[in-house]
Each structure stands twice: as C-alpha cells, then as structure tokens.
Amino acid sequence: MSLLFLSTTDSPDPWVEEFRRQMPELDLRVWPETGDPHDIRYALVWKPPPGELRRLPALEVMFSLGAGVDALLGDPELPDLPLVRMVEHGLTEGMAEYVALQALYWHRNMHAYLASQRGGVWQPLPERLARERRVGILGLGELGSAAARTLAGLGFDAAGWSRTQRQLPGIACLHGRDGLDTLLARSEILVCLLPLTPETRGILDARTFSRLPRGAVVINAARGAHVVDADLLEALASGRLAGASLDVFTREPLPPDHPFWSHPAIVVTPHAAAPTHARTATASVVEQIRRHRAGLPLTNLVDRSRGY
Ligand code: NAP
Ligand code: GLV
C-alpha cells in the first residue's frame, strides 16, 4: 500500500518525517520519484500538474493538502475518485487566530494608530467594546464556524451565512439569498470564508459592499477570486468601506505593481492565514487511510456537484 506525496509548492520533508512516525507501515513515495505507478493507492496532493493523477491506474483516494479544492476541481483531467479535503485542527485553529487578529485590528483602531505613530501623532480615538461591534461571517463550515465561535468568545456580536441552515450556539445563523442581505446590513466587519465555486466567485463586489453599513471593513481569507478588485478599490475610494484585510488574491504571489500593495487602507498578508500543519494534517490523513482500509466511510469528502 503506497501513498504518493505530490505537491508542486510544499517541501515533502516534514510530511515524510510525520508519516514515518505516525504510519511506519506506509510506503511513502515523493513525486516525481513515483516508482511503479501501479503501487499507488492514495495521493496527497497540492497543485499537481494537470493530468498527473490520471497516470496512477490503481489510485483509490485523493487527499487535498488544503481545505479549498477549487484548483483541483478546475482540472478537467481529475480522476473520478473520492476526493477528501483537508480538515485538521491546526489549520482550523490557525484560521480562527487570523480572523480574530484582523477583526481586533480594525475594531480597536490599530490601523489608524499605526498611521498616527508613523506621523508622531498622539491621537486616542473613541473605543467600543466587542459586544457593540457586529461581525458577519460568509461561510459557516469548518473554518467559518470556528472563526465565528472565536469572535463570539471575544464578545463580538457575531452572525454567519451559509447555503443551508446551520445552528451555532450564540451565533445568528442566516442562509440563502434573503439571509445574505440581512447579514450584510448588520456587518460592520465582514469576513469571507466561503469556498470558491461558480456561485461564490465575485461575491465581494459593488452590490455586496453597497449593502454593508457605511465604513465597514472586509476580511477575505478564502480565495482571491471572491473579490472584484476594481469594486473593492472603488468602495474604499468612496468611503463605503473603511478598510480591508486580504490574505488571498486572484494572482498569487500578488504582482509587484498591484495597487493593493501600497493602498493605505488595505492590509496584505501572503496567503498565510491558515497553513496546513504537517503534524496534525498527517494524523488526519492517517486516520482516513485506516478507515478506508477497514471498509469504513471516508469523512470530509468533496461533493463535486456542489463544488466544495
Ligand atoms: P467548508 O467546511 O466546506 O465550509 C464552506 C461553507 O461555505 C459552508 O458553510 C457552506 O454552506 C458555505 N457555502 C458554500 N457555498 C455557499 C453558497 N453558494 N452560499 C452560501 N454559503 C455557501 O469549507 P472550510 O473548510 O470552512 O473552508 C472554506 C474556504 O477557506 C476554503 O474553501 C478555502 O478556499 C479557504 N481557505 C483559505 C485558507 C488561507 O490560508 N487563506 C486556508 C484554508 C482554507 P453549507 O454549510 O450550507 O454547506
Ligand atoms: C489554503 O488556502 C487551503 O485551501 O487550505
């Protein structure tokens, strides 16, 4: 039984170490040293070259190294096999930390204080408590619900939006098109943690921004293509939005001449909100392989008809 580690962007070293420690009986191969492709039953992949997985005739299950599978599903040659997306507590905790960091940053006027410091200006601003600040989260899945719980734990007045109705204690849960407008109308801080699908592409556009309270802030830690860049710049220029924290971009790395880099109201992070952690993620993949070998159903399977 062999697993192929295939990433065109990640070093295999921490993964090799963790699989050796956590599943010593596993024959781990590292692409492109695949060996006999007929041996490979499992593949753990990130940004594989298009068509590469088709070359593995005995493949049974594909594991995504990341939570988002939009790039994988965009490969027309992706084999029609079970695809498990990454759900692991290191990634989930990382995202909750990132969202808390950015929400507190804007909530506590940190952006303005850093600008004041650069100018040597001593200027306290009116401060509100988190419970007086309304935050809306687009997406209430693994990451959105963890972020919502963390924000609520900090005291924020948190609400969330999903495709189907969710129930989260202490969080106002909305869904569907009507639910979206209700959520937007109350969101002084809007967090995007949606998967990228045909329905959600470009959701952070002029229409969405126009429904937020004036002076709202947007945090996008999902995918760059959720944002219509020109609409975001226009909303910031008009004062409709006061700021944005962006971790993900349509083109990554963000091109050097992109206006987001130097915009005074935009915080840029380099797709660093929630990396997959080799130790905790290996535990998650090992558990799934053991389930599969025992004939038990896999969890966190991607539903290709939904696109996530
Ligand atoms: P998930 O568990 O699949 O949750 C997705 C959520 O979005 C669900 O609540 C789902 O609704 C909702 N949703 C999907 N389509 C919708 C639609 N058309 N309208 C309304 N709600 C919709 O995904 P996740 O694990 O939380 O991950 C979310 C995304 O975060 C990933 O896809 C990835 O792009 C991004 N991500 C970014 C980083 C980073 O470092 N920046 C790291 C990891 C992941 P239902 O609950 O009704 O299904
Ligand atoms: C990272 O962006 C992921 O999808 O895990």
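Bear in mind that the values here come from a model prediction, so they are computed numbers and not experimental data.

Caption draft 1: Main features of the overall build of the protein chain. When helices and strands are tallied, the protein chain shows nine helices and 12 strands. Taken along its principal axes, the extent of the C-alpha atoms in the protein chain is 65 × 40 × 35 Å. Every one of the 308 residues in the protein chain was classed for burial, and the buried ones make up 50%. Counting only contacts in the protein chain whose residues sit at least 6 apart along the sequence, the fraction spanning at least 24 positions is 62%. In the form shown here, the protein chain has an accessible surface area of approximately 14900 Å², with 54% of it arising from carbon and sulfur atoms.

Caption draft 2: Summary view of the sheet that holds strand S9 (residues 189-192). If you walk across this open sheet you meet the seven strands as S8-S7-S6-S9-S10-S11-S12, and the pairing is parallel. Only two strands of the sheet have a single partner each, and these edge strands are strand S8 (172-175) and strand S12 (266-268). The average angle at which neighbouring strand axes cross in this sheet is 15°, direction not considered. Summarising the sheet, strand S6 (residues 134-138) and strand S7 (residues 157-162) pair through five bridges and their orientation is parallel. Residue pairing in the sheet places Leu138 in a bridge with Trp161 of S7.

Caption draft 3: Focus on the domain arrangement of the protein chain. Along its sequence, the protein chain is organised into domain 1 (2-88 + 276-293) and domain 2 (89-268). On a C-alpha basis, the centres of domain 1 and domain 2 stand 32 Å from each other. Taken together, the 11 residues of domain 1 in the interface contact eight residues of domain 2. A buried area of about 760 Å², summed over both sides, lies between domain 1 and domain 2, and 54% of it is on carbon and sulfur atoms.

Caption draft 4: Local environment of the state of the cysteines. Inspection of every chain in the model, using the stated rule, returns zero disulfides. With no disulfide of its own, Cys192 has Cys173 as its nearest cysteine by sulfur position, at a separation of 17 Å. On the basis of relative accessible area, Cys192 is assigned to the buried category, the value being 1%.

Caption draft 5: Structural detail: the pattern of salt bridges. One pass over the structure, following the stated rule, counts 16 salt bridges. A salt bridge links Arg29 to Asp27; the shortest N-O distance between them is 2.8 Å. A relative accessible area of 30% places Asp27 in the partly exposed class. Among the salt bridges present, the one from Glu188 reaches Arg133, with a minimum N-O distance of 3.7 Å. Placement of Glu188 in the loop between helix H6 (176-185) and S9 and of Arg133 in the loop between helix H4 (110-118) and S6 is noted, with a sequence separation of 55 residues between them. The class for Arg133 is buried, based on a relative accessible area of 13%. By sharing partners, the salt bridges in this structure join Asp27, Arg29 and Asp39 into a single network.

Caption draft 6: Representation of the packing of aromatic side chains within the structure. Evaluation of the coordinates by the stated rule reveals four aromatic pairs. Between Tyr42 and Phe63 the ring centres are 6.2 Å apart and the planes differ by 40°, which places this aromatic pair in the tilted class. Residue Tyr42 is located in strand S3 (residues 40-46), and its partner Phe63 is located in strand S4 (residues 61-64); the two are separated by 21 residues in the primary sequence. Considering the side-chain rings of Phe249 and Phe260, the 6.3 Å spacing of their centres and the 55° angle between planes classify their relative orientation as tilted. Taken as a pair, Phe249 in the loop between strand S11 (241-246) and S12 and Phe260 in the loop between S11 and S12 lie far apart in primary sequence, 11 residues in all. Like Phe249, the residue Phe260 is buried in the burial classification. Across from the ring centre of Tyr308, 3.9 Å away, lies the NZ or CZ of Arg306, which sits over that ring.

Scoring rules and cut-offs
Starting afresh in each chain, residues are numbered from 1 along the sequence in its written order. All chains are assigned letters beginning with A, and all ligands numbers beginning with 1, in the order in which they are written. A pLDDT threshold of at least 70 governs which residues receive local features in this predicted model, and a stricter bar of 80 or more applies before side-chain atom pairs are shown or counted, although totals over entire chains, interfaces and linings include all residues. Remark: hydrogens and water are excluded; side-chain values derive from all non-hydrogen atoms of the structure. Segments assigned H or I by DSSP are reported as helices when at least four residues long, segments assigned E as strands when at least two residues long, and all are numbered from the N terminus. With a 1.4 Å probe rolled over the protein chains alone, any residue whose accessible area is under 20% of its type maximum counts as buried; one over 50% counts as exposed, and the rest are partly exposed. Here, residues are in contact when the closest pair of their heavy atoms is within 4.5 Å. Areas reported as accessible are Shrake-Rupley estimates using a 1.4 Å probe. Residue values count occlusion only from the protein chains shown. DSSP-based pairing: two strands are paired if at least 2 bridges between them are found. Here, axes are lines fitted to C-alpha atoms. For helices the fit covers the stretch in contact, and angles between N-to-C directions go from 0 to 180 degrees. Either an automatic procedure or a domain database provided the assignment from which the domain bounds are taken. By definition, the buried area sums, over both parts, the 1.4 Å-probe accessible area that each loses when the two are put together. In plain terms, two cysteine sulfur atoms within 2.5 Å form what is called a disulfide here. Throughout this description, the term salt bridge denotes a Lys or Arg side-chain nitrogen within 4 Å of a carboxyl oxygen of Asp or Glu. Here a Phe, Tyr or Trp ring, Trp counted by its six-membered ring, pairs with any other such ring whose centre lies within 6.5 Å, and the pair is stacked when the planes are under 30 degrees apart, edge-to-face when over 60, and tilted otherwise. The rule for a charge over a ring is simple: NZ of Lys or CZ of Arg within 6 Å of the ring centre, and within 35 degrees of the ring normal.

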